[in-house]
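So the chains spell out like this:
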Amino acid sequence: MSVTAKTNIKTVLFDLDGTLLDTAPDLAFALNQLRAERQLPTLAFDKIRPLVSHGGAALIRGGLDMNETDPEFEPCRQRLLDIYQDNLINKTRLFQDMDKVLNALENAQIKWGVVTNKPARFTLPIMRGLQLDSRASSIVCGDTLNRNKPHPDPILLACQQSDSTHTECVYIGDAQRDIEAGRNANMPTLVALFGYLDKDDQPDTWQADGMLNTPLDILDWLQIKA
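Within every chain, residues take consecutive numbers counted from 1 along the sequence as written. Under the rules for a predicted model, residues below a pLDDT of 70 receive no local features and side-chain atom pairs below 80 are neither given nor counted, while totals for whole chains, interfaces and linings still include all residues. Side-chain measures were taken over the full set of non-hydrogen atoms in the model, leaving aside hydrogen atoms and water.

K.L.:
What should I look at first to understand the overall build of the chain in this one?
P.N.:
Within the chain, the secondary structure is distributed over nine helices and eight strands. Only C-alpha atoms enter the radius of gyration; for comparison, a globular chain is expected to reach 2.2 Å times N to the power 0.38, where N is the number of residues. Relative to the 2.2 N^0.38 estimate, which gives 17 Å for 226 residues, the radius of gyration of the chain is 17 Å and therefore close to what a compact globule would have. Dimensions of the chain along its principal axes, counting C-alpha atoms only, are 55 × 30 × 30 Å. Under the scheme applied here, a residue whose accessible area is under 20% of the maximum for its type counts as buried, over 50% as exposed, and between as partly exposed, the area being computed with a 1.4 Å probe on protein chains only. A burial count over the chain gives 48% of its 226 residues as buried. Taking the contacts inside the chain whose residues are at least 6 apart along the sequence as the reference set, 65% of them involve residues at least 24 apart. For the chain, the accessible surface area stands at approximately 10,800 Å², while carbon and sulfur atoms represent 45% of it. Note that His is not counted, nor are the chain ends; the positive residues are Lys and Arg, and the negative ones are Asp and Glu. Just so you know, the charge point we use is NZ for Lys, CZ for Arg, CG for Asp and CD for Glu. Counting 23 positive and 31 negative side-chain charges, the chain places the averaged centre of each group 3 Å from the other. Secondary structure elements are taken from DSSP: a helix is a run of H or I of four residues or more, a strand is a run of E of two residues or more, and numbering for both begins at the N terminus. Residues are treated as being in contact if the distance between any of their heavy atoms lies within 4.5 Å. All accessibility values rest on the Shrake-Rupley procedure with a 1.4 Å probe; residue burial counts only the protein chains present in the view.

Here it is in structure tokens:
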């Protein structure tokens with residue numbers, strides 16, 4: 001039996017890494033493979049996890065202690081991405097209970113989509129490999145448009161593709177730029193505290209409309225049942 005949400009939200013839009021999907025294990029593997037190639041010891045997973053939402057450059061900065069002025073920076077970043085492309089869904093999965101959330105949204109006839117800064121060369125194969133692409137109303141990648149988050153354009157495109165206005169969507173992410181992007185698009189925003197936040201992050205200062213300790217909290221916020 002389908003249920004109806006008690007809010008006016010017609011579409012839920014997710015960030016990908018650290019919000020919809022737990023991609024950190026595969027990215028950590030790629031970074032440690034790169035470290036091994038450079039005769040460096042394995043880096044602990046809990047040191048890598050907070051870097052994941054910030055992309056390949058952040059992984060190189062934090063994982064190799066290297067900055068963009070280093071002539072090896074860009075070759076290392078490209079090598080990291082090449083390793084990662086060969087290991088996209090070895091361990092990447094929906095976060096625990098996120099499958100229940102997606103099922104409940106679909107049962108409530110609420111659409112869901114993805115807006116990520118991750119390039120299409122990674123995002124689309126991951127979504128296909130996990131059989132999520134046909135379920136999503138929109139998948140907007142980091143290179144879909146000329147501008148990405150925190151600019152609102154990608155989120156507004158996802159709204160359009162989902163046949164929803166910005167006031168009928170909510171954006172969920174685990175990074176400050178996610179919340180800024182949603183706010184720049186004048187839509188409600190929720191922070192995924194279960195994502196890849198760093199100990200120095202201060203999500204209570206991001207001016208989001210709510211905090212989510214677990215994916216199931218999304219359903220509580222929408223006032224629909226699992």
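K.L.:
When you look at the environment of Cys141 in this model, what are you seeing that I'm missing?
P.N.:
If you trace the backbone, Cys141 turns up in the loop between β5 (139–140) and α7 (153–161). Once residues lying within four places of it in the same chain are set aside, the contact partners of Cys141 are Thr116, Lys118, Pro119, Ala120, Thr123 and Leu124.

K.L.:
I tried to follow the side chain of Thr189 on my own but got confused; where do I start?
P.N.:
Position of Thr189 relative to the elements: it lies in strand β7 (residues 189–192). Those residues in contact with Thr189 that lie beyond four places of it in its chain are Val170, Tyr171, Ile179, Gly182, Arg183, Gln207, Ala208, Asp209 and Gly210.

K.L.:
I tried to follow helix α6 (residues 120–129) on my own but got confused; where do I start?
P.N.:
Since the α-helix packs 3.6 residues into each turn, any two residues three or four apart lie on the same face. Inspection of α6 places Phe122, Thr123, Ile126 and Met127 among the buried residues, and these make up the whole buried set. Looking down the long axis of α6, one finds its buried residues gathered within 115° of arc, a one-sided arrangement. Looking one or two places after α6, you find Gln131, whose phi comes out positive at around 60°. The arc in question is the one spanned by the directions pointing from the helix axis to the C-beta atoms.

K.L.:
For this particular structure, what's the right way to read the sheet that holds strand β8 (residues 210–212)?
P.N.:
Strand pairing within a sheet occurs via backbone hydrogen bonds; the two strands may be parallel or antiparallel. Between any two strands, at least two bridges found by DSSP are needed for them to pair. In spatial order, the strands read β5-β4-β1-β6-β7-β8; together these six strands make up an open sheet with parallel pairing. Every other strand in the sheet has two partners, leaving β5 and β8 as the edge strands with one partner each. Bridge count for strand β4 (residues 111–115) against β5 is two bridges, and the pairing is parallel. Bridged to Val115 within β5 is Val140. Between the N-to-C directions of two axes lies an angle of 0 to 180 degrees, each axis being a line fitted to C-alpha atoms and, for a helix, fitted only over the stretch in contact. Sheet contacts for helix α8 (residues 176–184): β6 (169–173) and β7; angle to β7, the most-contacted strand, approximately 170°.

K.L.:
Even after reading the chapter, I still don't get unusual backbone geometry, so can you show me in this structure?
P.N.:
A negative phi angle characterises most non-glycine residues, just as the trans form characterises most peptide bonds. Here the bond from Lys149 into Pro150 is cis, since omega is 20°, no more than 30 degrees from zero. Note that Pro150 resides in the loop between β5 and α7. The backbone phi angle of Asp65 is positive, close to 55°, even though this residue is not glycine. Tracing the sequence through the fold places Asp65 in the loop between α3 (55–64) and α4 (73–85). A positive phi angle, close to 60°, is found at Gln109, a residue other than glycine. Locating Gln109 in the fold gives a position in the loop between α5 (98–107) and β4.

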